[in-house]
Amino acid sequence: MASLITCPHCGTRPKEEFSIRGTALTRPHPAASEEDWHRYVYLRDNPKGRYQEYWHHAAGCRRWLVVDRDNVTHDVFSVTDAAPARGASE
Amino acid sequence: MRYSAYSIIKQALSGNRLWTPAWREPEPKPHYDVIIVGGGGHGLSTAYYLAKEFGITNIAVLEKGYIGSGNVGRNTTIIRSNYLLEGNIPFYEFSLKLWEGLEQDFNYNAMVSQRGVMMLAHSDGQRDAYARRGNAMRMHGVDAEMLDRKQLQALMPYLNYDHARFPILAGLLQKRGGTVRHDAVAWGYARGADMRGVDIIQHCEVSAIRRDEQGRVTGVETNKGFIGCNKLALATAGHSSETARMAGLELPIETHVLQAFVSEGIKPVVDHVIVYGAGHFYISQSDKGGLVFGADIDYYSSYAQRGNLATVEHTMEEGVSLIPGLSRGKVLRAWGGVMDMSMDGSPIIDRTPIDNLYLNAGWCYGGFKATPASGFCFAHLIAKNESHHVSRFLRLDRFERGHMIDEAGKGPQPNIH
């Protein structure tokens, strides 16, 4: 049930060490339109099934991670550091 | 059949063999004036008030499971109207007033019990915040009372007043708050709607929303075939994003799981509903003797109706910290329900940008207490195409316009509302 998360830096750790931010969205450019910012801040696709979420390893390496998992079965497919993914999209 | 003391005696004399089902099980008609998706508390009360107050009876309520299988039977049964903000107080007070007359209104024993809701304060700042909330309530004509430590000790001697980190300093009491038997609410509304001609269609899952060339909604595809309608009303909290997506809408909602717990039956000890201000733990005692309690959601997105053990442990720790005697009890059952967590912690009752499509969503974990007012206001909106005056702040576009109703002041972070 997403009880154990394998942090790429610290190994398999209990869920309680992490704090959860929410959907892993790409932040719009500062000059993006109000509509884009509204969508980013307030609207959510909120799918039932596969889901990518930002988790912060607050009681571990303190890195931001992207946890790719299923929000019905609670299977965890991958846990990656958020920085490279973010860099690639910018 | 009207339920009364006389009907109970009459049925008893005939060996209780002549009771009839509380509602019919009709096959869907090809077309309705209004289709309500979701046969939970809100969907059923919407149908009931549409039929009773607004004269629309050609209605179908489509429920993918059976009546009472969703969140209406999964909550911790608390009713209250102790809110702070203008967009919320009149709405929840309207709901509490409807609760007060509900059983006479729909002729069903829902066991409405106004045992009082007590919110405990554990710091000077929190006491000030509760005094402010109590004042806001009283200015809206809602009952609220601040109790000091001594008064609390007389009322609830079993609480841990001298906790080293979270001592109990004061409490904000709403005496008219309390609990209601949640299953009976679903059954009472279902029966009342059915008596007025509403078709309640169970095990009927909507798979698509059909729209015409102008984009207007014309009906729904279901596992029982296509059903047409003039107006389509979505009341599928927990899965609102999923149903709205069928019409191409994206909502300001994330779905999360909330757990609830019941202990073994014990002698009466907790006379009120108690809310622990230092955490987010709430507890009451059912008429069967079980302690009914819960705390926070699990914090990660979840559509699973089951929760995480870490949250179970956290809930138990909060409970024992507030009521040390709880550690001697045993938990009998635990379950989870999925919540529409909205971006400001407040719900949505509004029309959508799509013609003929109406939305009731975003109840976070406060939906049960709102059941009567939610249904009444949603019915008002569907029948008259305009908001009821107490739900006029609960708009879908309030985020865009900057008119959030953020009771807790937490910002657009749905998992901490």
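Scroll up a little and you will see the structure.
Thresholds applied
- Residues numbered from 1 in each chain as written.
- Chains lettered and ligands numbered in written order.
- Predicted model: local features only at pLDDT ≥ 70, side-chain atom pairs only at ≥ 80, totals over all residues.
- Pairing = 2+ DSSP bridges.
- Helix = DSSP H or I, 4+ residues; strand = E, 2+ residues; numbered from the N terminus.
- Axes fitted to C-alpha atoms, helices over the stretch in contact; angles between N-to-C directions.
- Contact = placed C-beta atoms within 7 Å.
- Buried ≥ 20, exposed ≤ 12 C-beta atoms within 10 Å, placed from the backbone.
- Nonpolar A, V, L, I, M, F, W, Y, C, P; charged D, E, K, R; others polar.

Trainee: Can you help me understand the sheet that holds strand β15 (residues 290-301) of chain B in this one?
Mentor: By definition, the strands of a sheet pair up through backbone hydrogen bonds, in either a parallel or an antiparallel sense. All names here are of chain B. The strand order β5-β6-β4-β13-β14-β15-β12-β16 describes an open sheet built from eight strands, whose pairing is mixed. The open sheet is flanked by β5 (145-148) and β16 (331-342), the only strands paired with a single partner. Taking each pair of neighbouring strands and ignoring which way they run, the sheet shows an average axis angle of 25°. Alignment of strand β12 (residues 253-265) against β16, held across eleven bridges, turns out to be antiparallel. Residue pairing for β16: L258 is matched across the bridge by G337. Strands in contact with helix α4 (residues 124-139) are β4 (117-121), β5 and β6 (170-174); relative to β6, the strand with the most contacts, it is inclined by about 20°. Strands in contact with helix α8 (residues 309-322) are β12, β13 (273-276), β14 (281-285), β15 and β16; relative to β15, the strand with the most contacts, it is inclined by about 135°.

Trainee: Looking at this structure, I do not really get the environment of N308 of chain B. What am I missing?
Mentor: Residue and element names in this part refer to chain B. Looking at the secondary structure, you find N308 in the loop between β15 and α8. N308 gets classed as buried once you count the C-beta atoms within 10 Å, which come to 22. Separated by 233 residues in the primary sequence, N308 and N75 place their C-alpha atoms 17 Å from one another.

Trainee: Where do I start with the interface of chain A and chain B in this structure?
Mentor: One frequent convention defines the size of an interface as the accessible area lost when the parts assemble. With 20 residues of chain A at the contact, the number on the chain B side is 23 residues. Elements supplying a minimum of two residues to the side of chain A that touches chain B: β3 (19-23), α1 (34-42) and β4 (50-56) of chain A. Here the element with the most residues in the side of chain A that touches chain B is α1 of chain A; it accounts for three residues. Broken down by class, the residue content of the side of chain A that touches chain B amounts to eight nonpolar, six polar and six charged.

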